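# Topology and contacts: notes
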Amino acid sequence: MHSPNHSLSPPLSSPLSSLTLALPDEAATVALGGRLAPLLDAGTVVWLDGDLGAGKTTLVRAMLRQLGHHGPVKSPTYTLVEVYVVSSIYWYHFDFYRFNDTEEFVDAGLGEYFRNDSVCLVEWPEKAAGHVPPADLVLVFRFPKNHHHSGRVLELSAHTERGQSCLNTLKSLIPGAAA
Ligand code: ADP
Ligand code: MG
């Protein structure tokens, strides 16, 4: 089974700051997406890590809805990338789950999507390790250790100053999360 902590290669630098949140139900994931989306400026790269069904696509859907997208937000598992134009910029939602080789990122020409006028939200970034541009923010979704508990635990970590500023603002919006 995929293990989020040990599969990212090359290893991520240690984060500048981080925040761990309990997401007890889907509504909590949706609420977080609503808070996070307006904080992401064009040029931001977010990696979404966590097993199948952890809530990565749910969070992305909530973000796009918050920004005014009304249509469906489908998992890009087969298409590799779904494109949205909201809040006057491009939002690209990727899913590399089906990659057998990290080179498929290069073969598909996906590097062109990572620009200073787009926000890139990437599921399964480890499947394109070494090619996918580094993240400003890394979000790791985990199932609670006690599987009788539903819900998820989300660890958000900032790896650039851009990511850190976003995380600081998010902390200020969440009661009890301030550093
Ligand atoms: P992923 O993209 O990580 O594979 P999805 O978002 O497609 O996962 O699916 C997540 C599933 O878990 C959905 O059925 C959703 O309703 C549910 N879910 C999302 N967030 C939570 C949460 N915080 N607690 C419990 N269930 C959740
Ligand atoms: Mg998904």
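Attention here is on the structure that accompanies the text. (Residues numbered from 1 in each chain as written. Chains lettered and ligands numbered in written order. Predicted model: local features only at pLDDT ≥ 70, side-chain atom pairs only at ≥ 80, totals over all residues. Heavy atoms only, no water.)

Centre distance and the angle of the planes are the two values used to describe a pair of aromatic rings. Considering all chains together, one arrives at 10 aromatic pairs under this definition. On the basis of an interplanar angle of 15 degrees and a centroid distance of 5.9 Å, the ring pair of tyrosine 90 and tyrosine 92 is categorised as stacked. Note on tyrosine 90: relative accessible area 34%, which makes it partly exposed. For tyrosine 92, a relative accessible area of 5% translates into the label buried. Relative to tyrosine 113, the ring of phenylalanine 94 lies with its centre 5.7 Å away and its plane at 90 degrees, an arrangement referred to as edge-to-face. Here tyrosine 113 lies in the loop between helix H3 (104-107) and strand E5 (118-123) and phenylalanine 94 lies in strand E4 (residues 89-95), a separation of 19 residues in the sequence. (Phe/Tyr/Trp six-rings, centres within 6.5 Å; stacked < 30°, edge-to-face > 60°. Buried < 20%, exposed > 50% of the residue type's maximum accessible area, 1.4 Å probe, protein only. Helix = DSSP H or I, 4+ residues; strand = E, 2+ residues; numbered from the N terminus.)

Next up on the list: the packing of helix H1 (residues 26-36) against helix H4 (residues 161-173). In contact at an axis separation of 10 Å, H1 and H4 are set at 125 degrees when each is read in the N-to-C sense. For the element pair H1 / H4, the angle class is oblique. By crossing handedness, the relation of H1 to H4 is classed as right-handed. On the side of H1, the interface is formed by Leu32, Arg35 and Leu36, while H4 contributes Cys166, Leu170 and Leu173. Residue composition of the contact of H1 with H4, grouped by class: five nonpolar, no polar and one charged. (Axes fitted to C-alpha atoms, helices over the stretch in contact; angles between N-to-C directions. Parallel < 35°, antiparallel > 145°, perpendicular 65-115°, else oblique. Left-handed = near helix turned anticlockwise from the far one by under 90°. Contact = heavy atoms within 4.5 Å. Nonpolar A, V, L, I, M, F, W, Y, C, P; charged D, E, K, R; others polar.)

Time to look at the sheet that holds strand E7 (residues 152-158). The strand order across the open sheet built from seven strands is E1-E7-E6-E2-E5-E4-E3, with neighbouring strands paired in mixed fashion. The sheet is open, and its two borders are formed by strand E1 (17-23) and strand E3 (81-86), each paired with just one other strand. For this sheet, the mean angle separating the axes of adjacent strands, direction not counted, is 15 degrees. Across the sheet, H1 lies against E1, strand E6 (137-142) and E7, angled at about 145 degrees from E1, the strand it touches most. Where H4 meets the sheet, it contacts E1, E6 and E7, and its direction lies at approximately 45 degrees from that of E1. (Pairing = 2+ DSSP bridges.)

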